[in-house]
Amino acid sequence: MTSADPVASLPAKPRYRRGLESRERILLVALQAFGERGFQAVSTREIASAAHVNLPAIQYYFGSKEGLYKACAEHIVARYMTANLPVSAAALEAVLKRASPGTCQTHLLNVLTTLGRFLVDSDEARGWPLFIQRELADPGPAFDILFDQLWHPGVELVAKLIDGARGDTPGSEGSRLEAIHMISGITAFTSGRAAIDRLLTDPQSPVAIADQLCRLIERQVALVAVQAPSAPDGGHDVVQRDGVAVKT
């Protein structure tokens, strides 16, 4: 009977969904475990137990412990891109078009506040900074993935927006260091959350902290353009253009 094929195939869809859920559960458990204790200290057996799957499931979905570790990094990159790509793409277009300092400053604010809200006001993202910081401090199997797809393009974009907001030629080392400083300040609100909660007099919800962080970012970005120094020989003057200070 021709109707037998569709009926027989019905259980395949639930199994597929369960497979996706199992894979996602393994990733979330692994991200937390690797972030807290590092690649070497965590076993696939304990990850499987915490994720409520059998040990062969890790090999099935990820191939090996290193494959799982790299998949954690790819998971972070994919989630970040989904949440931040529209804002980052618009900012990159502004940089490529050599937009006005005021426009670059606006995009800089949008990029940093979007990052801040994504990291602070997201239950999933809160466990990522520990994983990322371990790779920064002691590069492991996931370093190249995070560097090539997340850190490098992110720092370069913010640095070029800083230069654009000042009317400078993009690509200075000083702006890269400033970009690293700005981004690190935001990620500290997630990696240092336990200390922040203890330091604050009144308990704050993630939304409230994200709101306050965005206001701090706004003040910091407002200072970017006006910090542009005059040349040592006095050859540059600082003037207002599009509401921000620019060297001429």
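Refer to the structure printed above.
Presented here is an overview of the structure given in this document. Source: prediction; values computed, not measured.

**Remarks on the overall build of the chain**
Consideration 1: Counting its secondary structure elements, the chain contains 11 helices and 2 strands.
Consideration 2: Ordered by position in the sequence, the α and β elements of the chain form the string α-α-α-α-α-α-α-α-α-α-α-β-β.
Consideration 3: When burial is assessed residue by residue, the chain has 38% of its 248 residues classed as buried.
Consideration 4: Here the contacts in the chain between residues at least 6 apart in sequence split such that 67% fall between residues at least 24 apart.

**Details of the packing of helix α7 (residues 128–137) against helix α8 (residues 143–166)**
Consideration 1: Relative to each other, α7 and α8 sit at 110 degrees, their axes nearing to 10 Å. Of the possible angle classes, the one that applies to α7 and α8 is roughly perpendicular. Between α7, through Phe131, Ile132, Glu135 and Leu136, and α8, the contact on the second element is made entirely by Phe143, Leu146 and Trp151.

**Concerning the packing of helix α6 (residues 101–120) against α8**
Consideration 1: Two elements in contact, α6 and α8, have axes separated by 7 Å at closest approach and are oriented at 150 degrees. Crossing handedness for the pair α6 and α8: left-handed. Between α6 and α8, the contacting residues are Pro101, Cys104, Gln105, His107, Leu108, Val111 and Leu112 on the first element and Leu157, Val158, Leu161, Ile162, Gly164 and Ala165 on the second.
Consideration 2: Here the contact of α6 with α8 is composed, by residue class, of 10 nonpolar, 3 polar and no charged.

**A closer look at unusual backbone geometry**
Consideration 1: Within the chain, His52 stands out as a residue other than glycine whose phi angle is a positive 60 degrees.
Consideration 2: Taking the relative accessible area as the measure of exposure, His52 reaches 67% and is therefore exposed.
Consideration 3: One non-glycine residue with positive phi stands out, namely Arg98, at about 55 degrees.
Consideration 4: Take Arg98: its relative accessible area is 58%, and that puts it in the exposed class.

**Side note on the nonpolar core**
Consideration 1: In this structure, Ile26, Phe34, Ile47, Leu68, Leu112, Phe131 and Val158 are the most contacted members of the largest nonpolar core, which totals 59 residues.
Consideration 2: Per element, the largest residue contribution to this core is 11 residues, and it comes from α8.
Consideration 3: Residues in contact with Ile47, not counting those within four places in the same chain, are Ile26, Val29, Ala30, Phe34, Val42, Ile58 and Leu68.

**Concerning the side chain of Ser22**
Consideration 1: Here Ser22 is to be found in helix α2 (residues 12–37).
Consideration 2: Classification of Ser22 as buried rests on a relative accessible area of 16%.
Consideration 3: The residues touching Ser22, leaving out its near neighbours within four places in the chain, are Val53 and Tyr61.

**Some words on the packing of aromatic side chains**
For any pair of aromatic rings, the description consists of the separation of the ring centres together with the inter-plane angle of the planes.
Consideration 1: Enumeration according to the criterion identifies 10 aromatic pairs in this entry.
Consideration 2: Within the aromatic cluster, the residues linked to one another by ring pairs are Phe34, Phe39, Tyr69 and Phe131.
Consideration 3: Above the face of the Phe39 ring, Lys65 is positioned so that its terminal group lies 4.7 Å from the ring centre.

**Focus: the layout of surface pockets**
Consideration 1: Quantified by volume, the largest pocket comes out at close to 860 Å³.
Consideration 2: Looking at the largest pocket, it is lined by 35 residues, and the ones nearest its centre are Leu150, Trp151, Gly154, Val155 and Ile183.
Consideration 3: Looking at the lining of the largest pocket, the elements with two or more residues in it are α5 (65–96), α6, α7, α8 and α9 (173–191).
Consideration 4: Taken together, the residues of the lining of the largest pocket break down into 24 nonpolar, 8 polar and 3 charged.

**A word on α7**
Consideration 1: Within the sequence span of α7, burial applies to Trp128, Pro129, Phe131, Ile132 and Glu135. Along the axis of α7, the buried positions cluster into a sector of 160 degrees, meaning they face one direction only.

**Topic: the side chain of Ser175**
Consideration 1: Within the element layout of this structure, Ser175 appears in helix α9.
Consideration 2: Separated by 3.0 Å, the side chains of Ser175 and Asp163 make a polar contact.
Consideration 3: Apart from residues no more than four positions distant in its own chain, Ser175 is found in contact with Ala159, Ile162 and Asp163.

**Structural notes on helix α4 (residues 55–62)**
Consideration 1: Every buried residue of α4 is accounted for by Ala57, Ile58 and Phe62. Here the buried residues of α4 occupy an arc of 100 degrees about the axis, which is enough to place them on one side. For α4, the exposed residues lying more than 90 degrees away from the buried face are Pro56, Gln59 and Tyr60.
Consideration 2: Following α4 by one or two positions, Gly63 adopts a phi angle in the positive range, close to 85 degrees.

Conventions adopted
Residues numbered from 1 in each chain as written. Predicted model: local features only at pLDDT ≥ 70, side-chain atom pairs only at ≥ 80, totals over all residues. Heavy atoms only, no water. Helix = DSSP H or I, 4+ residues; strand = E, 2+ residues; numbered from the N terminus. Buried < 20%, exposed > 50% of the residue type's maximum accessible area, 1.4 Å probe, protein only. Contact = heavy atoms within 4.5 Å. Axes fitted to C-alpha atoms, helices over the stretch in contact; angles between N-to-C directions. Parallel < 35°, antiparallel > 145°, perpendicular 65-115°, else oblique. Left-handed = near helix turned anticlockwise from the far one by under 90°. Nonpolar A, V, L, I, M, F, W, Y, C, P; charged D, E, K, R; others polar. Core = buried A, V, L, I, M, F, W, Y, C linked by side-chain atoms within 4.5 Å. Phe/Tyr/Trp six-rings, centres within 6.5 Å; stacked < 30°, edge-to-face > 60°. Lys NZ or Arg CZ within 6 Å of the ring centre and 35° of its normal. 1 Å grid on protein atoms, 1.4 Å probe; cavity = no way out; pocket = protein on both sides within 12 Å on 5 of 7 lines; lining within 4 Å. Points joined across faces, edges and corners; volume = space filled by probe spheres on them. Arc of directions from axis to C-beta. Polar contact = N/O pair within 3.5 Å; in protein donor to acceptor, adjacent residues only side chain to side chain.

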